[in-house]
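Notes for the structure review
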2 protein chains.
Amino acid sequence: MANKRTKQSDALRAAQMYYLQDQTMDAIARELRTSRSTVSRLLSAARETGLVQIQVKTPADRAPELERAIRKRYQVEVHVVPVSDTLDEMDVLDRVSMQAARTITPLVDSNAVIGVAWGSTLSAVSRHLTRKTTHGTTIVQLNGAGNTQTTGITYASEIIRRFGSAYGAKVEQFPVPAFFDHAETKRLMWEERSVRRILDLQERMTIAIFGVGSMNADVPSHVYAGGYLDSTDLDELEASGVAGDVATVFFRDDGSDTGIVLNDRSSGPSLDSLRRVRRRICVVSGAKKIKGLRGALAAGLATDLILDEGTARELVEADAHSSDPIFGFLNSLDGL
Amino acid sequence: MANKRTKQSDALRAAQMYYLQDQTMDAIARELRTSRSTVSRLLSAARETGLVQIQVKTPADRAPELERAIRKRYQVEVHVVPVSDTLDEMDVLDRVSMQAARTITPLVDSNAVIGVAWGSTLSAVSRHLTRKTTHGTTIVQLNGAGNTQTTGITYASEIIRRFGSAYGAKVEQFPVPAFFDHAETKRLMWEERSVRRILDLQERMTIAIFGVGSMNADVPSHVYAGGYLDSTDLDELEASGVAGDVATVFFRDDGSDTGIVLNDRSSGPSLDSLRRVRRRICVVSGAKKIKGLRGALAAGLATDLILDEGTARELVEADAHSSDPIFGFLNSLDGL
DNA sequence: AGCCTTTCTGCACGTTTGTGCAAACAGGTT
DNA sequence: AACCTGTTTGCACAAACGTGCAGAAAGGCT
């Protein structure tokens, strides 16, 4: 009858005693015949591996005004992340991504096919994922990340790997460049069976997770500055009135995307196919993304929106600010 | 723009920062411009009012052996509450009831009709309920508690009141004696419209929560000792081979209840009508209840069982003895 | 307004918890 | 057996936390 005491089972026991029976770690340690520090570590492990799940749920009827306003105006499930407005951009990203990670986890269930984009936001989110055991889940990369000169974007694969290991899922990379040089090359590649496999997976996505890029006059974000596009491309984007992008697919302020030729060379999923995904989670941190965010919302790209309080506030307030000098200032801070 | 800072909204904010963003209470206090102790209290309140929900979920495939054995043998969803075997009876009850309360809460949702029995176990459970906001929920008392001489059982109403306030539910008391002196009186009362209302509610229960009474030679439980039954009744129970009861309705070892005349005078729901309830949660603490528990399981009264480790062990072991020794051996292995 | 009752707040203190570090241990290799 | 390497454990200390208490603030009532 001697129960084999695995670390797992001890962690479970400890978690039950701590979270369900309100015992102190000390008491648990005595019962488990080990030291208190070990119990502390067991509990960390239990949380880390998803044995313990903590969620904060807003009773909807008494959600803060901001959330209600956004939910009503844009028809999205919204989570406003409270942050003090004195925090710097990095800290905000950190907090938003942490809360995003914890908000996403309960939405993931077995046999999900999760599409994940890349970028500084997603990278941050991936770093804060809490584990959850699922079966038959697949993580699929939404758009290519290929680009010769920048090294920092090795994390495209790193990001989806982290998602994979958090959910015990199979990961499918998308080994193509973010943008092809020639639309024709893309068209041909899209016929390749290796690529088709990924595209088919993308068609079967049940969840998509992405940030937004914002096309700002002065300081364009990652994609716009990272060497993916040359100045001709940038001029063209500007000429087409592009507001931002999701997974390297561009759109305008009003959500339209017709006639943006660069999209023909982009490896990301068309807005239409993205819109077919059941659950589309958009994570945004920092008010400088607001232009892109508005476009994305106008395009109906998101079903769920997670963003920081400051940006949320900007979003509901009048567009009057869009040419405010303070904007230029914020933008010039541009992290990562 | 001045956000009215209610206590609720502060608690929500604090909870998000603490549980979702891993901030320390100190940091939260600074952001909220209050003292750390207030934050500590806000967080307690947030937990207390169900704003924060913590659950420990066993991945089923790696549930402890005991749980698997019971689940397999009796076809019930089982939660074994880990307790050191050196604890005294009161402590065990405390822990089991605490964990039971936290296990039950997530099962409750809006518009549920919850039947609740009474007794020392249920009393303990009711004292540890964590709040959860629901709508249209009703708590209905399963069986009468009337009895002139004992005072302690004022808690029959106290118990369901606590359930009610935990879920913001309407409570329906059942103001009849636990046992009628004459079956005929009960029959007539059961026609009264005031009583019918309760009985109808009981028919519509979606969840029932109860302990078990056990008919032991040496230590009869509450109902058997509390002055509800006289010695004639007790003799009769013994003669009928009664093993125990649920909500003052009796049954034998094998789960049968035909021919137990006392049931005709009992105010509790018939076993048949109990079995019609979707979710039937049985809470058991202490090995001396095992006789009654076995009967209840044989009768198929429970869909969910919450019990302490010691009793769980007895349940699988002693059961092994009762049939074949080799069976017992097999049972103890019982992998997956 | 004045008084009383109730709730809320911050402080101070003791308790509980996280974590760097060094020793103990486990597993593999020569 | 001796050695190396990577993990686990308990200790000790610092950080984080809960709570009784006394004063402050907020209602209620005359």
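Just so it is clear, the model here is predicted, and its values are computed rather than measured. Counting restarts for each chain, with residues numbered from 1 along the sequence as it is written. Labels follow written order: the first chain is A, the first ligand is 1, and so on. Totals for whole chains, interfaces and linings use all residues, but because this is a predicted model, local features are given only for residues with pLDDT of at least 70 and pairs of side-chain atoms are given and counted only at 80 or more. Note that the side-chain values use all heavy atoms of the structure and ignore hydrogens as well as water.

The next subject is the sheet that holds strand β8 (residues 242–246) of chain A. All names here are of chain A. Ordered by their spatial adjacency, three strands build an open sheet running β7-β8-β9, and the pairing between neighbours is antiparallel. Single-partner strands in this sheet number two, and they are β7 (213–214) and β9 (249–252). Here, a strand pair is defined by DSSP locating no fewer than two bridges between the strands. Here a helix means four or more residues in a row that DSSP labels H or I, a strand means two or more in a row labelled E, and each is numbered from the N terminus. Bridge count for β8 against β9 is four bridges, and the pairing is antiparallel. When the bridges of β9 are listed, G244 appears paired with F251. We call two residues in contact when some of their heavy atoms are within 4.5 Å. For helices, the fitted axis covers only the stretch in contact; all axes are lines through C-alpha atoms, and the angles between them, taken along N-to-C directions, range from 0 to 180 degrees. With respect to the sheet, helix α13 (residues 290–298) is in contact with β7, β8 and β9, its orientation differing from that of β8 by roughly 75°.

With that out of the way, let us pick up the protein's contact with DNA strand C. Close to DNA strand C lie 13 residues, the nearest being M25, R36 and S40 of chain A together with T34 and R41 of chain B. Near the protein, within 4 Å, the atoms of DNA strand C are sugar or phosphate in 47% of cases. Any pair of N or O atoms that falls within 3.5 Å is considered a polar contact. Within protein, one atom must be able to donate a hydrogen and the other to accept it, and sequence-neighbouring residues count only if both atoms are side-chain atoms. A distance of 2.8 Å separates a phosphate oxygen of DNA strand C from a polar atom in the backbone of M25 of chain A. A distance of 3.0 Å separates a phosphate oxygen of DNA strand C from a polar side-chain atom of T38 of chain B. Put simply, the parts of the chain that give the surface near DNA strand C at least two residues each are α3 (36–48) of chain A together with α3 (36–48) of chain B. Proximity is defined per residue: any heavy atom of the residue falling within 4 Å of a molecule or strand makes that residue near it.

With that out of the way, let us pick up the protein's contact with DNA strand D. Near DNA strand D there are 13 residues, and of these T34 and T38 of chain A together with Y18, M25 and S40 of chain B occur at the shortest range. Considering the 4 Å shell around the protein, atoms of DNA strand D inside it are sugar or phosphate in 45% of instances. Here a base nitrogen of DNA strand D and a side-chain polar atom of S37 of chain A are 3.5 Å apart. Residue R41 of chain A places a side-chain N or O atom 2.9 Å away from a base nitrogen belonging to DNA strand D. Elements supplying a minimum of two residues to the surface near DNA strand D: α3 of chain A together with α3 of chain B.

Right, let's get into the pairing of strand β6 (residues 207–210) of chain A. All names here are of chain A. Every second residue of β6 is oriented toward a common face, with I207 and I209 on one face and A208 and F210 on the other, all of them buried. In the sheet, β6 pairs with strand β10 (residues 279–284) via four bridges, with the strands oriented parallel. Among the inter-strand pairings, F210 is bridged to a residue of β10, identified as C282. Exposure categories follow from relative accessible area, calculated using a 1.4 Å probe and restricted to protein chains: below 20% of the type maximum is buried, above 50% is exposed, and the middle band is partly exposed.

Let us look at helix α9 (residues 193–203) of chain A. In an α-helix, one turn spans 3.6 residues; hence positions three or four apart end up facing the same way. Residue and element names in this part refer to chain A. Looking at α9, one finds that the buried residues are V195, I198, L199, L201 and Q202. Buried residues of α9, seen end-on, are gathered within an arc of 155° and therefore sit on one face of the element. Considering only its buried residues, α9 is in contact with β3 (113–116), β4 (138–141), β5 (170–172) and α8 (183–189). By arc we mean the arc of the directions from the helix axis to the C-beta atoms, nothing more.

A separate point is unusual backbone geometry. The backbone of R33 of chain A sits at a positive phi, close to 55°, despite the residue not being glycine. Among the structural elements, R33 of chain A can be located in the loop between α2 (25–32) and α3. Take R33 of chain A: its relative accessible area is 74%, and that puts it in the exposed class. For Q75 of chain B, which is not a glycine, the phi torsion comes out positive at approximately 60°.

To continue, consider the sheet that holds strand β10 (residues 279–284) of chain B. All names here are of chain B. Reading across the sheet, the seven strands line up as β2-β11-β10-β6-β3-β4-β5 and stay open at both edges, with parallel pairing between neighbours. Each end of this open sheet is capped by a strand with a single partner; those strands are β2 (77–81) and β5 (170–172). Each adjacent strand pair in this sheet contributes to an overall mean axis angle of 15°, direction not counted. Pairing between strand β4 (residues 138–141) and β5: three bridges, direction parallel. What sits directly across from I139, in β5, is V171.

We now examine the interface of chain A and chain B. On the side of chain B, 39 residues touch chain A, which itself brings 41 residues to the contact. Throughout, the accessible surface (probe 1.4 Å) given up by two parts as they are put together, summed over both, is called the buried area. Of the roughly 4000 Å² buried between chain A and chain B on both sides combined, carbon and sulfur atoms contribute 50%. Three residues, L20, Q21 and V56 of chain A, lead the burial of chain A against chain B; their summed loss comes to 17% of the area buried on that side. Every case where a carboxyl oxygen of Asp or Glu lies within 4 Å of a side-chain nitrogen of Lys or Arg is listed as a salt bridge. The interface formed by chain A and chain B includes six salt bridges. Salt-bridge contacts for E31 of chain A lead to R95 of chain B; the nearest nitrogen and oxygen are separated by 2.7 Å. Going through the elements one at a time, α1 (7–20), β1 (52–56), β2 (77–81), α5 (89–104) and α14 (309–316) of chain A are the ones with two or more residues in the side of chain A that touches chain B. Sort the elements by how many residues they give to the side of chain A that touches chain B and α1 of chain A lands first, with eight residues. Classifying every residue of the side of chain A that touches chain B gives 18 nonpolar, twelve polar and eleven charged. With five bridges connecting them, β1 of chain A and strand β1 (residues 52–56) of chain B associate as antiparallel partners. Bridging across to β1 of chain B, I54 of chain A finds its partner in I54 of chain B. Amino acids are sorted into nonpolar (Ala, Val, Leu, Ile, Met, Phe, Trp, Tyr, Cys and Pro), charged (Asp, Glu, Lys and Arg) and polar (every other residue, Gly among them).

Let us look at the packing of helix α1 (residues 7–20) of chain B against helix α2 (residues 25–32) of chain B. Residues and elements named next belong to chain B. Where α1 meets α2, the axes come as close as 10 Å, and the angle between the chain directions of the two elements is 140°. One finds that α1 runs oblique with respect to α2. Crossing geometry of α1 relative to α2 is assigned as right-handed. Within the contact between the two elements, α1 uses D10, R13, A14, M17 and Y18 and α2 uses M25, I28, E31 and L32. Taken together, the residues of the contact of α1 with α2 break down into six nonpolar, no polar and three charged. Our angle categories are set so that under 35 degrees counts as roughly parallel, over 145 as roughly antiparallel, 65 to 115 as roughly perpendicular, and the remainder as oblique. Should the near helix be turned anticlockwise from the far one by less than a right angle, the crossing is termed left-handed; should it be turned clockwise, right-handed.

Here the focus is the packing of aromatic side chains. Only centres within 6.5 Å qualify two rings of Phe, Tyr or Trp (six-membered ring in Trp) as a pair; their planes then separate them into stacked at under 30 degrees, edge-to-face at over 60, and tilted for everything else. One pass over the full model with this rule turns up eight aromatic pairs over all chains. Between F174 of chain B and W190 of chain B, the ring centres sit 5.7 Å apart and the planes meet at 35°, which makes this aromatic pair tilted. Taken together, the residues span a long stretch of sequence, with F174 of chain B in the loop between β5 and α8 (183–189) and W190 of chain B in the loop between α8 and α9 (193–203) at a distance of 16 residues. Side by side, F174 of chain B and W190 of chain B carry an identical accessibility label, which is buried. Through successive ring pairs, a cluster of aromatic residues spans F174, F180 and W190 of chain A.

The next subject is the side chain of Q99 of chain B. Relative to the assigned elements, Q99 of chain B resides in helix α5 (residues 89–104). Among all residues touching Q99 of chain B, those that are not within four sequence positions of it are Q16, L20 and Q21 of chain A together with V80, V81 and P82 of chain B.

Moving on, we come to the confidence of the model for chain A. Confidence scores labelled pLDDT are given residue by residue by the predictor and lie between 0 and 100. Per-residue pLDDT for chain A has a mean of 86; in total, 87% of the residues score no lower than 70. Per-residue pLDDT stays below 50 along residues 319–336 of chain A; that stretch engages in 25 contacts with residues further than four places along the chain or on separate chains.

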